[in-house]
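Given next are the chains, with one letter for each unit.
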Amino acid sequence: FHIEFSNKNLVAAARALRPSTLRFGGSGNDYLLYNMPSNPDVCMSGHDSPRFGCMNATHWDKLYNLAEATETDFLFGVSFDKISAGVQGKGYRWNSSNAQDMMQYIVDSNQTIWGFEL
């Protein structure tokens, strides 16, 4: 992630839109894996590129802190691992363990999320 979520101009602009919902999701999240402390080796080489993403706890915390600093509701789009879906084709069944790692990190960090989408 190449955005500085603590940038004072970004924070001021987002805060000015209140009441609002910060949505982090969309097509980009379809190619996102979560590299959380409970499973630090989930991201393979090449998964942090313009096409594929790897969100670690530091990235997540910065994004979460933006929502907190701007007092906006935070809606997070959960990845269903489109990388594996593309490889496996019609036989693909979502393995939710990576999303569970992410959500467990949120719980362990006492963070509050307004909503999730899949």
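Whatever comes next refers back to the structure up there.
Residues numbered from 1 in each chain as written. Predicted model: local features only at pLDDT ≥ 70, side-chain atom pairs only at ≥ 80, totals over all residues. Heavy atoms only, no water.

### Thoughts on the side chain of Thr70
In this structure, Thr70 sits in helix α2 (residues 57-70). Here Leu66 takes part through its backbone oxygen, which lies 2.8 Å from a polar atom of the side chain of Thr70. One polar contact links the side chain of Thr70 to the main-chain carbonyl oxygen of Ala67, over a distance of 3.3 Å. The residues contacting Thr70, other than those within four sequence positions of it, are Val11, Ala14, Arg15 and Arg18. (Helix = DSSP H or I, 4+ residues; strand = E, 2+ residues; numbered from the N terminus. Polar contact = N/O pair within 3.5 Å; in protein donor to acceptor, adjacent residues only side chain to side chain. Contact = heavy atoms within 4.5 Å.)

### Description of the packing of aromatic side chains
Under the definition given, this model contains 7 aromatic pairs. Site record: aromatic cluster; members linked through ring pairs are Phe24, Tyr34, Trp60, Tyr64, Phe74 and Phe76. (Phe/Tyr/Trp six-rings, centres within 6.5 Å; stacked < 30°, edge-to-face > 60°.)

### Examining unusual backbone geometry
With an omega of -5 degrees, the peptide bond between Arg18 and Pro19 qualifies as cis. With respect to the helices and strands, the residue Pro19 is situated in the loop between α1 (8-16) and β1 (21-24). Positive phi, normally seen in glycine, also occurs at Glu71, with a value near 55 degrees. Relative to the helices and strands, Glu71 resides in the loop between α2 and β4 (73-77). Although it is not a glycine, Asn110 adopts a positive phi angle of roughly 55 degrees. Turning to its location among the elements, Asn110 is positioned in the loop between α4 (97-108) and β5 (115-117). Its relative accessible area of 68% is what places Asn110 among the exposed residues. (Buried < 20%, exposed > 50% of the residue type's maximum accessible area, 1.4 Å probe, protein only.)

### A few points about the pattern of salt bridges
By the definition in use, this model includes 2 salt bridges. Taking the shortest distance from any N to any O, the salt bridge between Glu71 and Arg18 comes out at 2.6 Å. Here Glu71 is found in the loop between α2 and β4, whereas its partner Arg18 is found in the loop between α1 and β1, with 53 residues between them in sequence. For Glu71, a relative accessible area of 56% corresponds to the exposed category. Linking Glu117 and Arg23 is a salt bridge whose minimum nitrogen-to-oxygen distance equals 2.8 Å. (Salt bridge = Lys/Arg side-chain N within 4 Å of Asp/Glu carboxyl O.)

### Observations concerning the environment of Phe116
Within the element layout of this structure, Phe116 appears in strand β5. Judged by its relative accessible area of 39%, Phe116 falls in the partly exposed class. Residues Phe116 and Phe24 lie 92 residues apart in sequence; the distance between their C-alpha atoms is 9.6 Å. Residue contacts for Phe116: discarding those within four places in its chain leaves Leu75, Phe76, Val78, Met103 and Ile106.

### A closer look at the sheet that holds β4
Spatially, the 3 strands line up as an open sheet ordered β1-β4-β5, and their pairing is parallel. A strand with exactly one partner marks an edge of an open sheet, and here the two such strands are β1 and β5. The sheet shows a mean angle of 20 degrees between the axes of neighbouring strands, direction not considered. In this fold α2 packs onto β1 and β4, with an angle of close to 145 degrees to the strand it touches most, β4. (Pairing = 2+ DSSP bridges. Axes fitted to C-alpha atoms, helices over the stretch in contact; angles between N-to-C directions.)

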